[in-house]
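A look at the structure
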Amino acid sequence: PRDHGFWLASAVFDGARALAGAVPDLDRHCQRLIKSSQLMGMLPSVTVDEIIKLTWEGIAQFPDDSELYICPILYPTGGFITPEPESTEFILHIGESPLPSQDGFSACRSSFRRPARDMAPTEAKASCLYPNVARSVREANEKGFDTGILMDPIGNVAEFSYANLFLVLDDKVHTPSINGTFLNGITRQRIIQLLRSDGIEVNERSIGIEELAQANELFATGNYAKVTPCTRFEEHALQIGPIYQRARELYYKFTENCR
């Protein structure tokens with residue numbers, strides 16, 4: 001109970017996916033884990049290459065067609081207030097986790113906001129940030145929605161509670177620009193690259209909440225569910241549109257080369 005990661009919430013983690021033997025962007029997820037630990041004052045005793053090797057050994061223990069969630073964790077055992085860097089421990093958990101349904105999800109504006117970078121370690125994928133995620137989801141669930149949409153500290157749209165947000169207006173894709181309050185997701189970066197390479201315009205900019213009611217499409221990107229459509233924003237029904245479908249198609253075509 002006195003391990004720093006358990007007691008004082010200094011643990012960091014990352015998530016990757018194995019989809020029937022394809023593991024997209026595993027190197028990026030492992031690199032982000034190391035960076036997150038360093039931002040939280042740890043000295044990891046494992047390298048990116050070692051995590052990748054262990055991950056593939058773990059994946060080999062499952063059937064070839066498994067859908068897996070890969071969760072490497074770094075946490076310090078020692079320290080008081082600040083962690084002892086040299087006490088950093090490593091855990092790798094791999095388990096079966098089918099991809100969620102692609103039928104779509106509903107979302108509403110959350111009363112909670114993402115913190116600014118001078119309020120919390122927003123550039124790390126740190127466990128201590130997730131109680132804020134959880135309360136925004138809980139609030140949305142109590143209102144009859146699946147998830148929330150959080151603002152940044154100055155009132156612009158930041159993201160869905162636990163996934164990056166994209167909207168489509170007049171066949172152009174828009175997504176909140178990275179401003180230090182939420183993670184520049186690895187799947188987010190990949191989708192932007194794939195769409196632009198396909199000739200679709202993607203604008204990273206400040207987005208007002210009122211724009212979501214005018215959107216032709218809304219969709220989310222994140223490691224757990226990859227690319228998923230939002231079919232209702234508050235009272236506004238939304239289609240599962242062609243640009244979302246193209247983004248999903250491009251992403252799964254990309255994953256075929258990640259074996």
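Here the structure is shown first, and the text comes after it.
A look at the nonpolar core
By size, the foremost hydrophobic cluster in this structure holds 23 residues, and its most contacted members are Val-12, Ile-70 and Leu-74. When residues of this core are traced back to their parent elements, those giving at least two are strand 2 (16-19), helix 2 (26-39), helix 3 (48-59) and strand 3 (67-76). Once you skip the residues sitting within four places of it in the chain, Leu-74 turns out to touch Ala-11, Val-12, Leu-33, Ile-34, Ser-37, Met-42, Pro-44, Val-46, Thr-88, Glu-89 and Phe-90. Counting residues in hydrophobic clusters, the runner-up holds 19 residues, among them Val-157, Phe-160, Ala-163 and Ala-220.

Some thoughts on the environment of Ala-60
Mapped onto the fold, Ala-60 is located in the loop between helix 3 and strand 3. The spatial distance from the C-alpha of Ala-60 to the C-alpha of Gly-21 is 8.7 Å, given a sequence separation of 39 residues.

Some words on a nonpolar patch on the surface
A grouping of Phe-6, Trp-7, Leu-8, Phe-80 and Ile-81 is seen on the molecular surface, where their side chains present a nonpolar patch of about 570 Å² in accessible area. For Phe-6, the location among the structural elements is in helix 1 (residues 4-7).

Section: the packing of helix 5 (residues 186-197) against helix 6 (residues 242-255)
Describing two packed helices takes the angle between their axes plus the distance from one axis to the other. At their nearest, the axes of helix 5 and helix 6 sit 10 Å apart, and the two run at 105° to each other. Between helix 5 and helix 6, the crossing angle belongs to the class labelled roughly perpendicular. On helix 6, the residues that touch Thr-187, Arg-190, Ile-191, Leu-194 and Leu-195 of helix 5 are Ala-247, Leu-250, Tyr-251 and Phe-254.

Structural notes on the pairing of strand 14 (residues 226-233)
Most of strand 14 sits inside the fold, with six of its eight residues counted as buried. The pairing of strand 13 (residues 217-222) with strand 14 spans five bridges and is classified as antiparallel. Note on strand 14: the bridge partner recorded for Phe-219 is Pro-229. Here strand 13 folds back onto strand 14, and the loop between the two strands holds three residues.

Details of the packing of aromatic side chains
As enumerated under the stated definition, the model contains eight aromatic pairs in all. Their ring planes at 40° and their centres at 5.8 Å tell us that Trp-7 and Phe-80 sit as a pair that is tilted. Of this pair, Trp-7 sits in helix 1 while Phe-80 sits in strand 4 (residues 79-80), and the two are 73 residues apart along the sequence. A relative accessible area of 35% means that Trp-7 is categorised as partly exposed. In this structure Phe-80 comes out as exposed when scored by relative accessible area, which is 56%. A centroid spacing of 5.1 Å and a plane angle of 80° characterise the contact between Phe-105 and Phe-160, whose relative ring orientation is edge-to-face. In this pair, Phe-105 is assigned in strand 7 (residues 105-113) and Phe-160 in strand 9 (residues 157-160), connecting sequence segments 55 residues apart. Chaining the aromatic ring pairs together yields one cluster made of Phe-166, Phe-219 and Tyr-244. Seen from the ring of Tyr-224, Arg-17 lies directly overhead, with NZ or CZ sitting 4.9 Å from the centre.

A look at helix 6
A rise of 1.5 Å per residue sets the reference length of helix 6, with its 14 residues, at 20 Å; its end C-alpha atoms lie 20 Å apart and thus fit the reference within 8%. Packed against the buried residues of helix 6 are strand 10 (164-169), strand 11 (172-176), helix 5, strand 13 and strand 14.

Examining the side chain of Asn-132
Topologically, Asn-132 is positioned in helix 4 (residues 130-142). Classification of Asn-132 as buried rests on a relative accessible area of 15%. Within the structure, Asn-132 has its side chain in polar contact with the backbone oxygen of Arg-113 (distance 3.0 Å). Within the local environment of Asn-132, its side chain forms a polar contact with the side chain of Arg-135, the two groups lying 2.8 Å apart. Sequence-distant contacts of Asn-132, that is, excluding residues within four places in its chain, are made with Phe-112, Arg-113, Arg-114, Pro-115 and Leu-150.

Structural notes on the layout of surface pockets
Of the pockets and cavities examined, the largest pocket occupies roughly 740 Å³. Of all the secondary-structure elements, those providing two or more residues to the lining of the largest pocket are helix 2, helix 4, strand 9, helix 5, strand 13 and strand 14. Its residues assigned to classes, the lining of the largest pocket comprises 18 nonpolar, 14 polar and seven charged. Taken as a whole, the second largest pocket holds about 290 Å³ of empty space. Looking at the lining of the second largest pocket, the element that brings in the most residues is helix 2, giving four residues.

Each value, and the rule that gives it
- Residues numbered from 1 in each chain as written.
- Predicted model: local features only at pLDDT ≥ 70, side-chain atom pairs only at ≥ 80, totals over all residues.
- Heavy atoms only, no water.
- Core = buried A, V, L, I, M, F, W, Y, C linked by side-chain atoms within 4.5 Å.
- Buried < 20%, exposed > 50% of the residue type's maximum accessible area, 1.4 Å probe, protein only.
- Helix = DSSP H or I, 4+ residues; strand = E, 2+ residues; numbered from the N terminus.
- Contact = heavy atoms within 4.5 Å.
- Patch = residues over 30% accessible without salt bridge, like charges linked within 9 Å, V, L, I, M, F, W, Y side chains within 5 Å.
- Areas by Shrake-Rupley, 256 points an atom, 1.4 Å probe, with all protein chains shown as cover.
- Salt bridge = Lys/Arg side-chain N within 4 Å of Asp/Glu carboxyl O.
- Axes fitted to C-alpha atoms, helices over the stretch in contact; angles between N-to-C directions.
- Parallel < 35°, antiparallel > 145°, perpendicular 65-115°, else oblique.
- Pairing = 2+ DSSP bridges.
- Phe/Tyr/Trp six-rings, centres within 6.5 Å; stacked < 30°, edge-to-face > 60°.
- Lys NZ or Arg CZ within 6 Å of the ring centre and 35° of its normal.
- Expected span 1.5 Å × (residues − 1).
- Polar contact = N/O pair within 3.5 Å; in protein donor to acceptor, adjacent residues only side chain to side chain.
- 1 Å grid on protein atoms, 1.4 Å probe; cavity = no way out; pocket = protein on both sides within 12 Å on 5 of 7 lines; lining within 4 Å.
- Points joined across faces, edges and corners; volume = space filled by probe spheres on them.
- Nonpolar A, V, L, I, M, F, W, Y, C, P; charged D, E, K, R; others polar.

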